[in-house]
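Structural overview
Given next are the chains, with one letter for each unit.
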Amino acid sequence: MLLAMETSVPVSRFGEEKGLEMIAKAGFDGVDYSFYDAHSIPQLLSDDYLKKAEESRRMLEHFGLACNQAHAAFPFRVGMPFSLHFTEYRLVWRSIEYAAALGVRQIIVHSVRDMVNPKNDTMDFNILYHKTFEPLCRDLGIRIGVENLTVTRTPELLNTLCDALDPELFVACLDTGHANTSGCAPADFARAIRPGRLQSLHVHDNGGLRDDHTIPYLGTINWPAFMSALAEIGYEGDLTMEAITFLRKFPNEMLQDALNMNHAVGRQLISLFEAAKK
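To keep things clear, this report deals only with the structure shown in the data block. Since the model is a prediction, treat every value here as computed from it, not as a measurement.

With that out of the way, let us pick up the pairing of strand β1 (residues 3-6). Residues Leu3 and Met5 of β1 are buried on one face, and the alternating residues Ala4 and Glu6, pointing to the opposite face, are buried as well. Direction of pairing for β1 relative to strand β8 (residues 239-241): parallel, over a ladder of three bridges. Of the residues in β8, the one forming a bridge with Leu3 is Leu239. Summarising the sheet, β1 and strand β2 (residues 30-34) pair through three bridges and their orientation is parallel. Of the residues in β2, the one forming a bridge with Met5 is Val31.

This part covers the packing of aromatic side chains. Each aromatic ring pair is described using two quantities: the centre-to-centre distance and the angle formed by the ring planes. Applying the stated rule across the entire model yields 18 aromatic pairs. Relative to Phe35, the ring of Tyr33 lies with its centre 4.9 Å away and its plane at 45°, an arrangement referred to as tilted. A single burial state applies to Tyr33 and to Phe35, both of which are buried. For the ring pair Trp223 and Phe226, a centre distance of 5.9 Å and an interplane angle of 85° mean the geometry is edge-to-face. Placement of the pair is Trp223 and Phe226 together in helix α11 (residues 223-232), with a separation of three residues, close to one helical turn. With respect to class, Trp223 is no different from Phe226; both count as buried. Here the aromatic cluster, defined as three or more aromatic residues joined through ring pairs, consists of Phe76, Phe82, Tyr89, Trp93, Phe125, Tyr129 and Phe133.

This paragraph deals with α11. Quick reminder: α-helices carry 3.6 residues per turn. Residues three or four places apart thus point the same way. Listed in full, the buried residues belonging to α11 are Trp223, Phe226, Met227, Ala229, Leu230 and Ala231. Taken together, the buried residues of α11 touch β6 (170-175), α9 (176-182), α10 (186-192), β7 (198-202), β8 and α13 (255-277). Where α11 begins, the capping side chain belongs to Asn222, and its oxygen is found 3.0 Å from the backbone nitrogen of Ala225. Following α11 by one or two positions, Gly234 adopts a phi angle in the positive range, close to 75°.

Let us look at the environment of Phe189. Positionally, Phe189 belongs in helix α10. Residues Phe189 and His202 lie 13 residues apart in sequence; the distance between their C-alpha atoms is 13 Å. In this view, Phe189 contacts Asn148, Thr152, Arg153, Thr154, Pro155, Leu158, Leu174, Ala179 and Cys184; residues no more than four positions away in its chain are not counted.

Our next topic: the pairing of strand β3 (residues 66-71). Strand residues, when the strand is regular, have side chains that alternate between the two faces of the sheet. Judged by how many residues are buried, β3 sits mostly within the fold: five of six residues are covered. Taken together, the four bridges between β2 and β3 define a ladder with parallel strand orientation. Of the residues in β3, the one forming a bridge with Asp32 is Gln69. The pairing of β3 with strand β4 (residues 106-108) spans three bridges and is parallel. Each residue of the ladder has a partner; that of Gln69, found in β4, is Gln106.

Volume-wise, the largest pocket comes out at about 610 Å³. Around the largest pocket sit 25 residues that line it, and His110, Leu149, Thr150, His178 and Asp211 are the ones nearest its centre. Put simply, the parts of the chain that give the lining of the largest pocket at least two residues each are α9 and α12 (244-248). Considering every element that reaches the lining of the largest pocket, the biggest residue donor is α9, with three residues. Broken down by class, the residue content of the lining of the largest pocket amounts to eight nonpolar, nine polar and eight charged. Space inside the second largest pocket adds up to approximately 180 Å³. Lining the second largest pocket are Arg113, Pro118, Lys119, Asn120, Asp121, Thr122, Met123, Thr150, Val151, Arg153 and Leu157. In terms of residue class, the lining of the second largest pocket is made up of four nonpolar, three polar and four charged.

The rules we used
- Residues numbered from 1 in each chain as written.
- Predicted model: local features only at pLDDT ≥ 70, side-chain atom pairs only at ≥ 80, totals over all residues.
- Heavy atoms only, no water.
- Buried < 20%, exposed > 50% of the residue type's maximum accessible area, 1.4 Å probe, protein only.
- Helix = DSSP H or I, 4+ residues; strand = E, 2+ residues; numbered from the N terminus.
- Pairing = 2+ DSSP bridges.
- Phe/Tyr/Trp six-rings, centres within 6.5 Å; stacked < 30°, edge-to-face > 60°.
- Contact = heavy atoms within 4.5 Å.
- Polar contact = N/O pair within 3.5 Å; in protein donor to acceptor, adjacent residues only side chain to side chain.
- 1 Å grid on protein atoms, 1.4 Å probe; cavity = no way out; pocket = protein on both sides within 12 Å on 5 of 7 lines; lining within 4 Å.
- Points joined across faces, edges and corners; volume = space filled by probe spheres on them.
- Nonpolar A, V, L, I, M, F, W, Y, C, P; charged D, E, K, R; others polar.

Written out as structure tokens, the structure reads:
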């Protein structure tokens, strides 16, 4: 199991080259490349975004970092058009293209909800939205990870969305913090996802009330139980740390230490996983 770190905070603070260097220095095997931060969105909007992707790939290779996963920009909302002439949709589309150029195996694309009427059922809209990316993913050889968010907050809803999509192009991404705030223990959530569908993780903790995005062991998630559940279902993906709020609390001078702590915790979780497999 590879240990990865989301790039958002260090790259936003220090730029891409220095941010990736810090992640590598902390000891991570790879990254989950973020496309939603202040650094990446201008890249996606530039006319030479695929040339920038080549530069990003060279940096990753220079620092010895794998890039198996990415996180698409998420400005798109219910009611917006599925058109490349529309900036919010174009950002998601280009995220997928950029990720494929990095050699990414799967990119997480957020489902969308109705911001005006949050209680509206948007499952049908999300099915149509995700299907618009099928030809692109097929051409580029990349998969989309469907994450448990508001629209897919339960295992049943996540399975419903994935069931409507091409299984060769869409997989599941389990966000541990989102599961915990939904009232479903991450271990139970993992077991309830259809067999073989869970291919990626966003790992962070909280107290069960807010999406705190803090480091594991600072919230209420039972981490031995979760890692045992992953071993039980035969999980074969990476472990990606997404404790972004935890990182943001530290000043620049301490960010490397905070990344080092994330790395140490991630390695501990992997050791639990390996022990549970025996």
